[in-house]
Amino acid sequence: MRGKHFWPGQRVLVGMDAESRRGKTLSLLLGLTVAVAGCAHQPSPESGSPTAVSIPTQWSGAADQPVGPVTSLAVWWQRLGDARLGALVDEALRASPTVQSAIAALRQSRALVDVAAAGLVPSVGASASAQRAYSKAQGGSNSFGLGVDASWEPDLFGGTRAGIDAAQADARAARMALANVQVSLAAEVALAYIDLRNAEARLAIAQGNLASQEDTLQIARWRNQAGLVSSLDVEQAAALADQTRAQVPLLQTTLAQARHRLAVLTGRTPGDLADLGTAPVPLPPDDLVLAFPADTLRQRPDVRQAEAQVQAAAARVTLADAARYPSLKLSGTLGLQALTLGSLTSGSSVVGSLLAGLSVPILDGGAIAGQVRAQQAALDQARASYRGSVLTALQDVEDALVALQGDRRRVGSLQSAAAAAARADTLARQQYQAGLIDFRTVLETQRTLLSAQDSEAGVRASLAADHVALYKALGGGWTPEPPTAEAQSATPSDSVSPSPAPTAR
């Protein structure tokens with residue numbers, strides 16, 4: 001075989017004395033690899049950081065509201081001071097199907113990082129073969145073989161690394177998706193619990209007013225029997241009592257539905273929630289836990305998820321652009337062949353091959369360029385979504401602060417109105433029984449009392465729900481991973497943009 005040329009890709013069978021030829025072939029392949037790598041031009045797609053979004057340094061809605069020291073909001077529901085609520089939130093975060101689904105999605109995304117990272121290292125496999133051939137001249141003959149195959153595609157233009165970066169960013173997005181589920185679930189449990197306690201309070205108010213209205217109805221009947229009033233008073237009193245009585249089943253339905261909702265949120269069947277007893281609507285202290293707007297955006301998992309999606313989209317632009325350039329694949333085999341199974345380890349011959357394949361895209365009808373444009377458009381979409389997430393996060397906090405401010409003022413007014421209505425009801429019934437006023441005044445005071453007490457209970461529930469909405473808007477309900485040294489040294493600024501992609505865990 002002296003004087004022959006061996007091209008990359010040609011399979012050569014050699015014996016035990018062919019070490020020099022294998023060395024020359026390997027040198028040729030290494031030289032080809034270096035030459036192609038020297039021609040590499042790394043693509044430089046647009047950065048994965050979207051346009052910075054200007055943010056305020058303070059919350060405008062917090063100007064006239066009491067603000068306490070900044071503390072962790074990971075378990076903000078403890079500020080409501082209700083042990084039953086805390087137990088329900090903890091149970092939901094453990095057993096909710098939504099959380100379990102998000103955890104499974106996170107495991108899947110982290111496994112795909114390993115799949116992508118496998119492209120950086122050679123793949124090695126083993127094989128074994130046995131063959132029997134037969135001819136009239138030689139009769140039957142056997143052939144046995146053992147071999148090891150290896151292949152590797154050098155990442156000359158960063159395509160494999162870009163795929164890993166995209167997978168890592170997807171894993172970070174999945175982690176933030178899980179955190180977002182935890183934030184939303186804790187808030188949903190708290191709101192359902194507030195609805196349940198509000199329904200209990202309103203049901204007690206309706207039943208108390210119904211009892212009072214039935215007493216008034218009995219007084220009207222006595223006065224009618226005595227000939228002091230007409231039957232009109234009796235009918236009017238009966239109509240008001242029946243209207244109030246009709247509200248009781250509606251409130252009982254609301255109460256049962258809130259209990260069913262809590263059961264499902266904690267991973268139970270709707271009717272499987274134990275009796276929670278009765279308790280007032282939980283209210284936290286007046287002072288609020290507020291962070292700077294920039295810190296809130298770093299805490300919000302939906303904003304950080306959108307940031308990771310921008311980084312993944314940018315990596316996929318690089319991945320698509322890498323398809324424009326040549327790709328090199330190296331592969332080789334090394335094996336033993338013998339006529340008998342027992343001689344594989346002693347009298348066998350060594351068979352080996354080395355293969356180098358170079359692929360260069362020339363004409364593809366514009367498919368690669370179209371794929372690059374498509375990924376760039378996906379990056380633009382991710383940037384727009386990130387900006388929308390930031391603006392929505394800012395709006396959520398400001399809306400919650402405004403609602404809190406308004407409901408605080410309403411609570412005081414409605415509390416005074418309910419107290420005045422209760423006093424008016426007592427005086428009206430006394431004066432009607434004494435014959436000093438007509439029944440129309442009694443009816444009006446009783447309607448006013450029911451409405452005022454029901455409104456007061458409703459605004460107290462709204463005030464509690466406002467706190468829940470605020471702490472959800474601030475990103476409370478999950479524990480972020482420890483920040484990197486770079487993040488610890490950062491200070492709040494007047495704009496927010498995604499940070500560089502951290503190393504995936």
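Residues numbered from 1 in each chain as written. Predicted model: local features only at pLDDT ≥ 70, side-chain atom pairs only at ≥ 80, totals over all residues. Heavy atoms only, no water.

**Topic: the overall build of the protein**
For the protein, the helix and strand inventory stands at ten helices and six strands. Taking all 505 residues of the protein together, the buried fraction comes to 39%. Of the contacts made within the protein by residues no fewer than 6 positions apart, 84% connect residues no fewer than 24 positions apart. (Helix = DSSP H or I, 4+ residues; strand = E, 2+ residues; numbered from the N terminus. Buried < 20%, exposed > 50% of the residue type's maximum accessible area, 1.4 Å probe, protein only. Contact = heavy atoms within 4.5 Å.)

**Looking at the nonpolar core**
Ranked by internal contacts, the top residues of the largest apolar core, which has 72 residues, are Trp76, Val189, Leu262 and Leu470. Counting residues per element, the ones that place at least two in this core are helix 2 (83-95), helix 3 (97-117), helix 4 (159-225), helix 5 (231-265), helix 6 (293-299), helix 7 (301-322), helix 8 (367-433) and helix 9 (439-473). For this core, the element with the highest residue contribution is helix 4, accounting for 14 residues. (Core = buried A, V, L, I, M, F, W, Y, C linked by side-chain atoms within 4.5 Å.)

**Quick notes on the confidence of the model for the protein**
In this model, the protein carries an average pLDDT of 81, and 81% of its residues clear a pLDDT of 70 or more. Mean pLDDT across the secondary structure elements of the protein bottoms out at helix 10 (residues 485-488), with 35, and peaks at helix 2, with 93. pLDDT under 50 marks residues 1-46. Its contacts with residues more than four places away, or in other chains, come to 57 contacts. A low-confidence stretch, residues 483-505 stays under pLDDT 50, and its non-local contacts, those more than four residues away or across chains, total 38 contacts. (pLDDT = per-residue confidence, 0-100.)

**A word on the packing of aromatic side chains**
In this structure the tally under the stated criterion is four aromatic pairs. Judged by centre distance (5.6 Å) and plane angle (75°), the rings of tryptophan 76 and tryptophan 77 are edge-to-face. Look at tryptophan 77 and you get buried, because its relative accessible area is 3%. Among the aromatic side chains, those forming a connected cluster through ring pairs are Trp76, Trp77 and Tyr471. Its end group placed over the ring of tyrosine 432, arginine 223 keeps NZ or CZ at 4.9 Å from the ring centre. (Phe/Tyr/Trp six-rings, centres within 6.5 Å; stacked < 30°, edge-to-face > 60°. Lys NZ or Arg CZ within 6 Å of the ring centre and 35° of its normal.)

**Observations concerning a nonpolar patch on the surface**
Together, Leu358, Val360, Ile362 and Leu363 make up a nonpolar patch on the protein surface, roughly 470 Å² of accessible area in all. Looking at where leucine 363 falls in the secondary structure, it is placed in the loop between strand 5 (349-359) and helix 8. (Patch = residues over 30% accessible without salt bridge, like charges linked within 9 Å, V, L, I, M, F, W, Y side chains within 5 Å. Areas by Shrake-Rupley, 256 points an atom, 1.4 Å probe, with all protein chains shown as cover. Salt bridge = Lys/Arg side-chain N within 4 Å of Asp/Glu carboxyl O.)

**Regarding the environment of glycine 159**
With respect to the helices and strands, glycine 159 occurs in helix 4. When sequence neighbours within four positions are dropped, the list of residues in contact with glycine 159 reads Leu319 and Ala322.

**Thoughts on the environment of aspartate 364**
Within the secondary structure, aspartate 364 sits in the loop between strand 5 and helix 8. A polar side-chain atom of aspartate 364 sits 3.0 Å from the main-chain amide nitrogen of glycine 366. Polar side-chain contacts of aspartate 364 include one of 2.9 Å to the backbone nitrogen of isoleucine 368. (Polar contact = N/O pair within 3.5 Å; in protein donor to acceptor, adjacent residues only side chain to side chain.)

**Notes on the pattern of salt bridges**
This model, assessed by the stated rule, comprises 16 salt bridges. We note a salt bridge from aspartate 454 to arginine 202, for which the minimum N-O separation is 2.7 Å. Of this pair, aspartate 454 sits in helix 9 while arginine 202 is found in helix 4, placing the two residues 252 residues apart along the sequence. Classification of arginine 202 as partly exposed rests on a relative accessible area of 27%. A salt bridge links arginine 300 to aspartate 396, with the nearest nitrogen and oxygen atoms 3.2 Å apart. Of this pair, arginine 300 sits in the loop between helix 6 and helix 7 while aspartate 396 sits in helix 8; the two residues are 96 residues apart in sequence, bridging distant segments of the chain.

**Some remarks on the packing of helix 2 against helix 4**
Two numbers describe how helix 2 lies on helix 4: the axes approach to 9 Å, and their chain directions differ by 140°. Between helix 2 and helix 4 lies a crossing whose hand is right-handed. Where helix 2 abuts helix 4, its residues Arg84, Leu85, Leu88, Val89, Ala92 and Leu93 lie against Gln182, Leu185, Ala186, Val189, Ala190, Tyr193 and Arg197. Classifying every residue of the contact of helix 2 with helix 4 gives ten nonpolar, one polar and two charged. (Axes fitted to C-alpha atoms, helices over the stretch in contact; angles between N-to-C directions. Left-handed = near helix turned anticlockwise from the far one by under 90°. Nonpolar A, V, L, I, M, F, W, Y, C, P; charged D, E, K, R; others polar.)

**Looking at helix 2**
Taking 1.5 Å per residue, 13 residues should reach 18 Å; helix 2 reaches 18 Å between its end C-alpha atoms and fits that length. Among all positions of helix 2, only Leu85, Gly86, Leu88, Val89, Glu91 and Ala92 are buried. Here the buried face of helix 2 lies against helix 3, helix 4 and helix 5. Near the N-terminus of helix 2, the side chain that reaches the backbone nitrogen of arginine 84, with its oxygen 3.0 Å away, is that of aspartate 82. (Expected span 1.5 Å × (residues − 1).)

**Structural notes on the packing of helix 5 against helix 9**
What describes two packed helices is the angle between their axes and the distance between those same axes. Relative orientation of the contacting elements helix 5 and helix 9 amounts to 10°, with a least axis distance of 10 Å. Put simply, helix 5 runs roughly parallel to helix 9. Counted together, Asp233, Gln236, Ala237, Leu240, Thr244 and Gln247 of helix 5 and Phe439, Leu443, Gln446, Arg447 and Leu450 of helix 9 form the full contact between these two elements. Considering only residue class, the contact of helix 5 with helix 9 consists of five nonpolar, four polar and two charged. (Parallel < 35°, antiparallel > 145°, perpendicular 65-115°, else oblique.)

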